[in-house]
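Spelled out, the chains give:
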Amino acid sequence: MVAPHFFKKKGNNMKSFEINGITYKAAEFDFNLTCEIEEKGMSLADIRKKPMSFLRTYVALSGDMDVDIAGKEIEAHIMNGGTLDAVMDVMLAQLEDSGFFRKLFGEEPATETT
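Residues numbered from 1 in each chain as written. Predicted model: local features only at pLDDT ≥ 70, side-chain atom pairs only at ≥ 80, totals over all residues. Heavy atoms only, no water.

1. A look at the overall build of the protein chain
Thinking step 1. When helices and strands are counted, the protein chain shows 6 helices and 2 strands.
Thinking step 2. Mapped from its N terminus to its C terminus, the protein chain presents α and β elements in the order β-β-α-α-α-α-α-α.
Thinking step 3. The proportion of buried residues among the 114 residues of the protein chain is 37%.
Thinking step 4. Put simply, of all contacts in the protein chain between residues at least 6 apart along the chain, 65% involve residues at least 24 apart.
Thinking step 5. Entry remark: accessible area of the protein chain is about 7,000 Å², with carbon and sulfur atoms responsible for 53%. (Helix = DSSP H or I, 4+ residues; strand = E, 2+ residues; numbered from the N terminus. Buried < 20%, exposed > 50% of the residue type's maximum accessible area, 1.4 Å probe, protein only. Contact = heavy atoms within 4.5 Å. Areas by Shrake-Rupley, 256 points an atom, 1.4 Å probe, with all protein chains shown as cover.)

This is how it looks when you write it as structure tokens:
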């Protein structure tokens, strides 16, 4: 398999994001999260085909909420002047840092530096 373009960067340690003043712990991309994403009707391929729907699903799983509620939270966040930049950055960073996906695509897992 060829690694997706978002595996090219390393070292992003963001682990949370904020929507409407609430901080959510960013879900880690592992096998179980992948299955949960699929159970919500999405796949990793949808990150490019349906980025907004994928982001809504990721927020729902990170916040332990239904996708419709996540969508309402995201919409309220945008309507109140927020952006999706930080949420998207955190989601992509979690994917980049995923040891599971790095191994799956034949790359070495990212290591923590102190």
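2. Quick look at the pattern of salt bridges
Thinking step 1. Within the structure shown, the criterion is met by 1 salt bridge.
Thinking step 2. A salt bridge links Asp 68 to Arg 56; the shortest N-O distance between them is 3.9 Å. Highlighted residues: Asp 68 in helix H4 (residues 67–79) and Arg 56 in helix H3 (residues 51–62), separated in sequence by 12 residues. (Salt bridge = Lys/Arg side-chain N within 4 Å of Asp/Glu carboxyl O.)

3. Details of the pairing of strand S2 (residues 22–25)
Thinking step 1. Bridge count between strand S1 (residues 16–19) and S2: 4 bridges; the pairing is antiparallel. When the sheet's bridge partners are listed, Phe 17 is paired in S2 with Tyr 24.
Thinking step 2. What sits between the antiparallel neighbours S1 and S2 is a turn of 2 residues, in which Asn 20 has the positive phi angle 55 degrees. (Pairing = 2+ DSSP bridges.)

4. So, the packing of aromatic side chains
Thinking step 1. With the rule as written, the count across this model stands at 6 aromatic pairs.
Thinking step 2. Measuring from centroid to centroid gives 6.0 Å for Phe 31 and Phe 100, while their planes differ by 70 degrees, and the two rings are edge-to-face. Placement of the pair is Phe 31 in helix H1 (residues 31–39) and Phe 100 in helix H6 (residues 99–104), with a sequence separation of 69 residues.
Thinking step 3. A relative accessible area of 34% means that Phe 100 is categorised as partly exposed.
Thinking step 4. Taken together, a centroid distance of 4.9 Å and an interplanar angle of 75 degrees make the contact between Phe 100 and Phe 101 edge-to-face.
Thinking step 5. Through successive ring pairs, a cluster of aromatic residues spans Phe 17, Tyr 24, Phe 29, Phe 31, Tyr 58, Phe 100 and Phe 101. (Phe/Tyr/Trp six-rings, centres within 6.5 Å; stacked < 30°, edge-to-face > 60°.)

5. Regarding H1
Thinking step 1. Taken together, the buried positions of H1 are Leu 33, Thr 34 and Ile 37. In an axial view of H1, the angular spread of the buried residues amounts to 105 degrees, which keeps them on one side of the axis. Exposed residues pointing more than 90 degrees away from the buried face of H1 are listed as Phe 31 and Glu 39.
Thinking step 2. Gly 41, located one to two residues past H1, shows a positive phi value of around 90 degrees. (Arc of directions from axis to C-beta.)

6. A closer look at the packing of H3 against H4
Thinking step 1. One can describe the packing of H3 onto H4 by two numbers: an axis separation of 8 Å at closest approach and a directional angle of 105 degrees. With respect to each other, H3 and H4 are oriented roughly perpendicular. Residues Arg 56, Thr 57, Val 59 and Ala 60 of H3 lie in contact with H4, whose contacting residues are Val 67, Asp 68, Ala 70, Gly 71 and Ile 74.
Thinking step 2. Looking at the contact of H3 with H4 residue by residue, the classes come out as 5 nonpolar, 2 polar and 2 charged. (Axes fitted to C-alpha atoms, helices over the stretch in contact; angles between N-to-C directions. Parallel < 35°, antiparallel > 145°, perpendicular 65-115°, else oblique. Nonpolar A, V, L, I, M, F, W, Y, C, P; charged D, E, K, R; others polar.)

Purely geometric stuff here, so don't read any function into it on its own.
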